[in-house]
Amino acid sequence: ERLEAPTPIRTLSALTAANVLQVALATATPALGGAWWLAAAATAGAYCSLAQFALLHDVVHGGADDVSRTVSERKRFRERVLRYGSQPSVFGYWLYLALGHLNHHAATGDWTA
């Protein structure tokens, strides 16, 4: 089956939106008071965090690549997006995706990731 070509504008726009929403939620929810901040964090915040991870994973696999660039340029671009695109996360998905991701694929027998 043929895979979809990389979609850099769509992927990076969605990542930016998820990150902006995470920052907005983190700054707005303390004013909610009571347990409302927890409800917002457990629903909208969790969704944004999952979206951030999925989009960064897509970036790591070349989903935001500009195919007109050289392989080394694409790799440097992916590393920059991964480093800066994971910043709004409290833990930061950079650590896993940059350092543990290939081990995950190797453990599943996929040495091409």
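Above this text you will find the structure in question.
Residues numbered from 1 in each chain as written. Predicted model: local features only at pLDDT ≥ 70, side-chain atom pairs only at ≥ 80, totals over all residues. Heavy atoms only, no water.

Chemist: Talk me through the layout of surface pockets; I want residue IDs and the actual numbers.
Modeler: Put simply, the largest pocket is a space of about 340 Å³. Every residue lining the largest pocket is counted, 12 residues in all, and those nearest its centre are Val 60, Lys 75, Glu 79, Leu 82 and Ala 98. Put simply, the parts of the chain that give the lining of the largest pocket at least two residues each are helix 3 (71-85) and helix 4 (94-107). Counted by class, the lining of the largest pocket contains 7 nonpolar, 1 polar and 4 charged residues. (1 Å grid on protein atoms, 1.4 Å probe; cavity = no way out; pocket = protein on both sides within 12 Å on 5 of 7 lines; lining within 4 Å. Points joined across faces, edges and corners; volume = space filled by probe spheres on them. Helix = DSSP H or I, 4+ residues; strand = E, 2+ residues; numbered from the N terminus. Nonpolar A, V, L, I, M, F, W, Y, C, P; charged D, E, K, R; others polar.)

Chemist: Can you lay out the nonpolar core for me, pointing to particular residues and giving the numbers?
Modeler: Residues Leu 15, Leu 55, Leu 56, Val 59, Ala 64, Val 81, Leu 82, Tyr 93 and Leu 97 constitute the largest nonpolar core, which totals 9 residues. Listed by contribution, the elements that provide at least two residues to this core are helix 2 (36-60) and helix 3. In terms of residue count, helix 2 provides more of this core than any other element does, 3 residues in total. When neighbours within four sequence positions are excluded, Leu 15 is seen to be in contact with Gln 52, Leu 55, Leu 56, Val 81 and Gly 85. (Core = buried A, V, L, I, M, F, W, Y, C linked by side-chain atoms within 4.5 Å. Buried < 20%, exposed > 50% of the residue type's maximum accessible area, 1.4 Å probe, protein only. Contact = heavy atoms within 4.5 Å.)

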